[in-house]
Amino acid sequence: MSLLRRRKQPQPPPEQPNEDSSNGSDHDEKGKKKPGSSSSSGAAAAEAPPPAAKEATKRTRARWSCVDSCCWLVGCVCSAWWLLLFLYNAMPASFPQYVTEAITGPLPDPPGVKLQKEGLRAKHPVVFVPGIVTGGLELWEGHQCAEGLFRKRLWGGTFGDVYKSNFRCFDVFVDGYKTTMIYGPLCWVEHMSLDNETGLDKPGIRVRPVTGLVAADYFVPGYFVWAVLIANLARIGYEEKTMYMAAYDWRLSFQNTEVRDQTLSRIKSNIELLVATNGGNRVVVIPHSMGVLYFLHFMKWVEAPPPMGGGGGPNWCAKHIKSVMNIGGPFLGVPKAVAGLFSSEAKDVAVARAIAPEVLDSDFLGLQTLRHLMRMTRTWDSTMSMIPKGGDTIWGDLDWSPEDGFECKAKNQKINDSEVSKDANGKNEVHPEPVKYGRIVSFGKDVAEAPSSEIEQIEFRLVQLFHIYLQDAVKGNNIAHSNTSCRDIWTEYHELGWGGIKAVADYKVYTAGSIIDLLRFVAPRMMQRGSVHFSYGIADNLDDPKYGHYKYWSNPLETKLPNAPEMEIFSMYGVGIPTERAYVYKLAPQAECYIPFQIDASAEGGDENSCLKGGVYLSNGDETVPVLSAGYMCAKGWRGKTRFNPSGSKTYVREYSHSPPSNLLEGRGTQSGAHVDIMGNFALIEDIIRIAAGATGEELGGDQVYSDIFKWSDKIKLKL
C-alpha cells in the first residue's frame, strides 16, 4: 500500500534582465559591482537577495512535506540502529565480561563449560520446537511493494532488508505532477497477514518459515532465543547433526502446517533420522511457549492413522522420545491471549495507550496502529490455541479461583502494620487484598470487586445480541459500516453495531466459561475458523471417538498422553514475576473505525501492594504464562496414572525463581525467569544438558518448586 501526494512540479522563474549591468553605471563588463559604487538602499539592501531569489527559496522549501519529514525521521532511526549494531559487532566479545568481572568479581563458568569439566558428553539428540513469533519467516512471493525481498526475512533476523525496501520514499512525475510514494508498514502487514476465510496464504503471497538452527537462535542481533542453549550444548559435543530446529509457520493452525507445508511429516522424519544415526538413542525434545502446544498436537498426530495423522502407531513416541522438556508452556492457555484478541492490548500497550492515545489511536498518516495490528493478528489462527482452556473449573468463577489469597507484595518488602492481625495462637496473620481472578474480563473496577450477588447482568445470549445488531442495521446505526476506509482496517467491530457493543459491556463480567461466547460474538469469522482447529473444554469420556479429531489434540484436558511409560515430561518455567491474569475494561470514546473496548489503565488498587496495576490484575508467573497454566498438568493433571496419562509417564515440575540482572553489563541475566529470557537461565540450561547427556528426572532432583502450584492444583475439582 502507499500514500500518494500530488502537486504541480514548480517551474524555475524566468531570468530578469539586469538594468544596472546594461547601463554600466555601477558594474563592470563582467557584471561585478564596481568599487566605491553606491546604492539607494544602502549596504544592507545590497546584501539582500533579489525578489526572484526569495521566491525560488520559498518554492524550494515548499517541496518539503510531512511525508519527507516522516522518511527523514525513519532514516535517522535506521541509521542510528545500524550504527549501534556495528559498534556492538565491532566490540571484542570478551569486553563486557572483563568490565563485569572488574565490578562484580569472577563470573561462574557457563553450564556447558562446567558440565564438560565434569565429564558429560553428548548422548541423546536434541530437538528444539520454537514458540509463537520467535521463528523467522521469509518471503517467497509477494506483491509489487515487496519487490526485491525474495527470501528476505519479514520476521526475525535483522529486519534490515525490510527497512531498506519498505521504508523508502521516491518521487515519480506523471504529466508534470509530482507524486511521492512510501512503501511502508502497511505493505508489511499485508504480507504478514493470512487469508481471513481459509487461514492460509493470500493470493499472490507466499511467506515461509526459515529452516535450520538459524531460524530461531536470535530474534534480532543481540536478542537471543535459542542461541545460548545451543552454544552450551556445543560445549559437550553437540553439533548440527545431533540438533534439529523444528521450525514451522507459527501463524498457521497446527494442522494447517501439515496441510500447507507438511511440517509435521518433516518433524517425524527428522526425529526418526536422528535416532537412527545416533545409535538408537531417543531424542530429547525442548519446546518453548506455544511450541509446547504444537508438540502436544504432534504427539497425537504421529500416532493417528492417515490421512488425518502420521501413521506412526501407538508406540511411536515410546520408541523415539526420551524426554519432553517444556519451557514456559501455556498448557491451559493464557489470559493475555484474550486481551490480545479482544482489543489488541496487553498491560504495556494499555499503559502506552493511556499516556499517548494520539499515537496508537490516531489516524495521522493513516497509521491506526492497533487496528491494523488487530486486522493482522486475527488472521493468525495459532493465537486461538492459547485461549484459556478448562473453563470455570480451572480458572475460577465470579466468586472463586485457585489463586485466592495470593499476595502481590514484592520480595523483601515490609508488611504494613494495618495489614497484620493476630491469629488464635498470637502469631502474625497477613490479610492480602482479595482478588477475584475468575473474572477475566470486567467492565469497571467496581464490577471486578463487587460481590456476585450485587452484579446485575443483562443476559448475554448470542441470538438476542444478533437481533440487536439487526435492528441497528435497519436503523442505519452501524458504526462506520458504509465507510470504505474501515474496510482497509477491518476489525469486525464496525459490523457489530452500537447495540451489540453496548450489550457486551452491559453483561459486565466474563469468566473463562463465557469468554468463548464473547469472542464468538465480537470476532465471528476468526472463531468460526478457529472452532475447526481448537477446542477449550474438558473431556467427559476420552474414549469417545470424537476425541480422535485433530481439534482436540493441543488441549491436554481433551486428549491422552502417548502410550510411553518410559517417556518423562517436564514443566519448566519462571516464577516471581507479576503476570497478567484478569482485566478491567471500559468503553473507548467513539470514533470512526475504532476498537470500542480498551483496558482501563486508570484502574489501580488501593496501595502499592495491590494486585491491580493499570487495569490488569496480576498473579504469579513468568510475565506471560501464569503458574496455574504452566504447572497444573505436571503437578496434578498428569501426575501418576490418570485418565489424561493412562500409561503413567513420569512428570516433573521445575520452577526457576526470577532474579533480575544486577547491572546492565549482564544483559538479560543468567538467573532470569522471564518468558523468553529464561532461555539464558544457567540453572535451566544445566538441567537440560544433564537430561540430554543421559540423566533422569529423579537424578536431576525431582520437583523444584517455589510457588503454590501444588496447593492451587488441589483446589481444582477435576475428575482424574
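In this convention, every chain numbers its residues from 1, walking through the sequence in written order. Restriction of local features to residues with pLDDT of at least 70 applies here, the model being predicted, together with a cutoff of 80 or more for giving and counting side-chain atom pairs; totals for whole chains, interfaces and linings are based on all residues. As a convention, hydrogens and water are excluded, and side-chain values are obtained from all of the structure's heavy atoms.

As annotated in an unreviewed UniProt entry, the protein is phospholipid:diacylglycerol acyltransferase from Oryza meridionalis. Of the comments in the UniProt record for the protein, the one headed Sequence similarities (unreviewed entry) reads "Belongs to the AB hydrolase superfamily. Lipase family." UniProt positions are given in the numbering used here, feature names are shortened, and annotations may be inferred rather than shown by experiment. The UniProt entry for the protein carries the following text under Subcellular location (unreviewed entry): "Membrane".

### Side note on the packing of helix H11 (residues 263–276) against helix H12 (residues 290–303)
At a minimum axis separation of 11 Å, H11 and H12 run at an interaxial angle of 80°. Comparing the axis directions of H11 and H12 gives the class roughly perpendicular. For the pair H11 and H12, the contacting residues are Thr 263, Leu 264, Ser 265, Ile 267, Lys 268 and Ile 271 in the first and Tyr 294, Phe 295, His 297, Phe 298, Trp 301 and Val 302 in the second. Gly is placed with the polar residues, together with every amino acid not listed as nonpolar (Ala, Val, Leu, Ile, Met, Phe, Trp, Tyr, Cys and Pro) or charged (Asp, Glu, Lys and Arg). Looking at the contact of H11 with H12 residue by residue, the class counts come to eight nonpolar, three polar and one charged. Note on geometry: axes are lines fitted to C-alpha atoms, helical ones only across the stretch in contact, with angles between N-to-C directions running from 0 to 180 degrees. What counts as a helix is a DSSP run of H or I of at least four residues, what counts as a strand is a run of E of at least two, and both are numbered from the N terminus. Geometric relationships in this document are graded by angle, where less than 35 degrees denotes roughly parallel, more than 145 denotes roughly antiparallel, 65 to 115 denotes roughly perpendicular, and other angles denote oblique. Working rule for contacts: check all heavy atoms of both residues, and any pair within 4.5 Å makes them a contact.

### Notes on unusual backbone geometry
Cis rather than trans, the peptide bond between Pro 306 and Pro 307 has omega equal to 5°. Positionally, Pro 307 belongs in the loop between H12 and helix H13 (316–320). Non-glycine residue Ser 344 carries a positive phi angle of around 55°. Its location among the elements puts Ser 344 in the loop between helix H14 (335–343) and helix H15 (347–355).

### With respect to the nonpolar core
As used in this record, nonpolar core signifies buried Ala, Val, Leu, Ile, Met, Phe, Trp, Tyr and Cys residues forming a set joined through side-chain atoms within 4.5 Å. The buried label goes to any residue with under 20% of its type's maximum accessible area, the exposed label to any with over 50%, and the partly exposed label to all in between, with areas taken from a 1.4 Å probe on protein chains only. Core analysis: the largest hydrophobic core is formed by 171 residues, its most contacted members being Phe 128, Trp 226, Phe 298, Ile 321 and Val 522. For this core, the leading source of residues is H12, giving 10 residues.

### Quick notes on the sheet that holds strand S10 (residues 243–245)
Strands pair, by our definition, only if DSSP identifies at least two bridges between them. The six strands are arranged S10-S2-S11-S12-S17-S22 in an open sheet whose pairing can be described as parallel. The open sheet has two edge strands with one neighbour each: S10 and strand S22 (651–657). Within this sheet the neighbouring strands show an average axis-to-axis angle of 15°, counted without direction. Judged from the five bridges that link them, strand S12 (residues 321–327) and strand S17 (residues 568–575) form a sheet pairing that is parallel. Bridging across to S17, Val 324 finds its partner in Ile 569. Of the strands in this sheet, strand S2 (126–129), strand S11 (283–287) and S12 are in contact with H12, which crosses S12 at around 150°.

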